[in-house]
Amino acid sequence: MPHKLAFQVLHTSSIETGFNLRELEVHNPLVKGWQSSRFCPYPQEVILRLPNKVHVVKLQILAHQFLIPTKIEFYMGDVPTHRLESLHGARYKRLGYVSMSDNEKTGFKARELKSVHVNAVGQFLKIVIHKNFVNKYNLYNQVGVVAVNIIGEELGEDGQPKNILDPLISNNEDVDGVDPLVLGAFTRADYISPLDDLAFDMYQDQEVAQIIRKLDLRKNEAVLQEQYDIAKRLKQGIADLQKVGERLGRFEVEKRRAIETEDYDLAKTKKAAMEDYRSEIYKQLSLHQLLEYSKPNSQTLEPIPINQPADNKKTNSKKQPVASEPKSTFQPKNYQNDERPLRGVKSQPIHEPEPVQEEDQPSDGKKLSDKNSREAAPAIDAFGLDLVTKLYSKTWSYREEALLMMKSKLEDVEEGMDKEELRTLLRAATFVVTKGLRDKVFGIFNTATSVLQYIFETWIVRHKIGKVDTAAVLDKTITELLNRTSDTNARLKTFSQEFIVEMAGYKEVRPLHNIPQHCLVPFKASIQARSAVTKVDIVQKLLALLGVEKNSNMSVESVMTFALRALEHTHGEVREAAIKLITDLYQMRGAEIKDHLPSEEDPAIIKNPLYSKLFDALDKIDGKPTRSERKAQAKKQKEEEARKKQAEIDTLQQQLAELRAHAKAQGGKKTTQKLLHSDDDEDDDDEDDDEQNNGPLTRRTKAASVADGSEFGDPDKQCVFCLERNDEFDKEGLDLHYWKYCPMLKRCQHCKQVVEVSVLVEHLLTECESRTEFAKCPRCSEAHEKYEIDKHVTEKLCTLAKKAMARCPLCHKNFPPGEESWRHHLMTKGMCITNHRNKQDAGKGRNTKRPVQKPNKPKAGKKPPQTKGRTPRGK
């Protein structure tokens, strides 16, 4: 039966300083193997000698991770019987070659294992190694081989293979009664034990490996003896011991690392932990009882020879998945090989020994599938198979433990490590964290976020990781976090939202603006309402945390593009959230936001209830009434104006009635005009009423003297101020004239009373409701607000009033006193240009519905009628 064969290295073409030829003879995870010298000539040769002539059925070669040859050839040699056994006396036959991968896909962190089936006889194996692949790590054009494994059978003097199980078979007296099928399983020529594979010795504690081999032999014997209970117990013991061997190897690696760093206290602690763990586990497994099973009745089986020196009993590393290779017969120049890579081994610390898991706990008991092994290759390289196996476990506690183990390993990374190694660790950690973020169990998700927080806030800062690598971690993790915001688990969903916002504020994350970039991607119209509202809520919180910056991922343009897409969603809850987002942004940037919105003057937009609500919200922010409030106010104001107008009309009519009654009492020759009040709008609202002619200090009433009617007509059809006569001057027509058109009258802007222009100054100083706010200017004699008087006088902003002259408060001109002078000044074209009631200047269009009749002039030789009663100042 084929098995592992021991060999000796006889010759190499060259060897790197610090390396030993004997390294290739030892299989353990800490060996360095062989490396050629720097800038060596090619091809390089390595010659191995086997103890005796053998029949080789399988070769395995493990290449270096970056000192990679392009091709490796194999030659089998033998010494003719008539010659002495020597290196130069051998004759070689070429078996074929294998091509190697350049290893770029794995980032030069994986070791490639080539396993090939051959059919060759000889005592010498020559390995011809061709030139190297060029890469950035191989600075001196070297090649390296970490391990070589030869599997075959020793040949007897008759040239027939020796069966290593012959003692086992011959030791059983009842072998003739054994089922031939069972017996054939142990004697067939194509069976190779998994314990002879290169992967087993590279990843097992050697003391445990020896015990496993002994138990495997005893198991086979028990099967031949049909002791199936014993065989079952031995099988379970072997499986448990394999797990123990891996863990003991981890202790050994940590102990050796402590020795290298001269931390002898730690080395002592690890040694004690190994002894305690080994003793406890052996006790739990009832190892001594199992070992008793390994002693047959007639003799004790010796362990199978393995190619290990005595001083290398306790070496180990983390186990890596290596698939079994298909059987094939080797043909020259046509290798059938297994090109699955064996991952590179790195020493990693462990803190406390862990108990062996029971069989129903699959995290350590089940191997990773080939698919998962390839997927997790970077993590296996960086953190070991045990951690990754836990990460893929179906038991949630193991998955959580894997995350915590990784965090512990990251914490142990020393400052000053090579940047490329740090990047490799960071990429592997990102893979592990990302897998944790996808987990459905909230506890594992929570642990993954805490590890991610440690990476961003502590690890990246401590090791001065660049922005590009930080952004790469962020891009991979933020995608998973955003996916979890749509989770049906409310607790997990809320936590995801909060963590995304928290992460955006981290010192190393905030300047990158990667989180806003991912969160502000406009979602599709078909997105579920719950997910859409969540995304809008996240953006709203990011806006409050980060604000907006021009020419960044968190700009007004990007936020508004996102918000407008949300505003178009069919679900009302999403639209409400979008309006809230836009209003928050409007509070920050004001009118700039309206540049991204439709015009609110567009009738179609105003009729849209959604935009009407949005613009109302923006108006509230500006302190303006909303559109509905403006409509209500306009309606109310219109009604109030109509009410006031009617009240003024009623008051005016009452005043006019009194005037008419008084005029009739005077025989139609004298009418007293009371001051009128009005709040109605008129065209001269903005007239400058600051200047006023000097006049009596009492409210003025105007007495207009007219003829008896035969000469001047009906006095009820004539204005007593401007003397205008009009047939439409009935009760309402005359009221309207006084109110809006008479050029001799003026409405006070402060109390809304209608007074004569000639007494406007007196009114402001003595009668107006705001009279306390006015004072008389000593220069111009007009009324001005008190706070302006000093400036008005000192800066001489007005013209001097002339003595014995009247002064117009509208245009500030001086003219001779007298009623006719006032009438001439206020009613003649080109005289008082600021009198907007003057039909000759600006009054065109006023009162055009009724014909205007000029006052009748006296006939020649007759005197004009005289005005009776009090007259304006100067008359």
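Above this text sits the structure in question.
Throughout what follows, the structure given in this document is the object of discussion. (Residues numbered from 1 in each chain as written. Predicted model: local features only at pLDDT ≥ 70, side-chain atom pairs only at ≥ 80, totals over all residues. Heavy atoms only, no water.)

Each aromatic ring pair is specified by the distance between its two centres and by the angle formed by the two planes. Inspection of the entire model under this criterion finds 11 aromatic pairs. An angle of 90° between the planes, with centres 5.7 Å apart, marks the rings of F39 and Y140 as edge-to-face. Here F39 is found in the loop between β3 (34-35) and β4 (44-63), whereas its partner Y140 is found in the loop between β7 (110-129) and β8 (144-154), with 101 residues between them in sequence. Aromatic ring contacts, followed pair by pair, group F66, F108 and Y137 into a single cluster. Here the basic side chain of R38 rests over the ring of Y140, its NZ or CZ set 4.0 Å away from the ring centre. Across the ring face of Y75, the terminal group of K126 is positioned such that the distance to the ring centre comes to 5.1 Å. (Phe/Tyr/Trp six-rings, centres within 6.5 Å; stacked < 30°, edge-to-face > 60°. Helix = DSSP H or I, 4+ residues; strand = E, 2+ residues; numbered from the N terminus. Lys NZ or Arg CZ within 6 Å of the ring centre and 35° of its normal.)

Looking now at the pattern of salt bridges. Tallied over the full model, the rule gives 31 salt bridges. The partner of D469 in a salt bridge is R423, and the shortest N-O contact between them spans 3.0 Å. Of this pair, D469 sits in helix α15 (residues 467-484) while R423 is found in helix α13 (residues 419-437), placing the two residues 46 residues apart along the sequence. According to the relative accessible area criterion, R423 is partly exposed, its value standing at 29%. Here R823 and E820 are joined by a salt bridge, their closest N and O atoms 2.7 Å apart. Of this pair, R823 and E820 both sit in helix α27 (residues 819-827), three residues apart, which is roughly one turn of the helix. A relative accessible area of 8% places R823 in the buried class. (Salt bridge = Lys/Arg side-chain N within 4 Å of Asp/Glu carboxyl O. Buried < 20%, exposed > 50% of the residue type's maximum accessible area, 1.4 Å probe, protein only.)

On to the side chain of H784. By the secondary structure assignment, H784 is in strand β15 (residues 783-785). For H784, a relative accessible area of 6% gives the class buried. At 3.5 Å, the side chain of H784 forms a polar contact with the side chain of H792. (Polar contact = N/O pair within 3.5 Å; in protein donor to acceptor, adjacent residues only side chain to side chain.)

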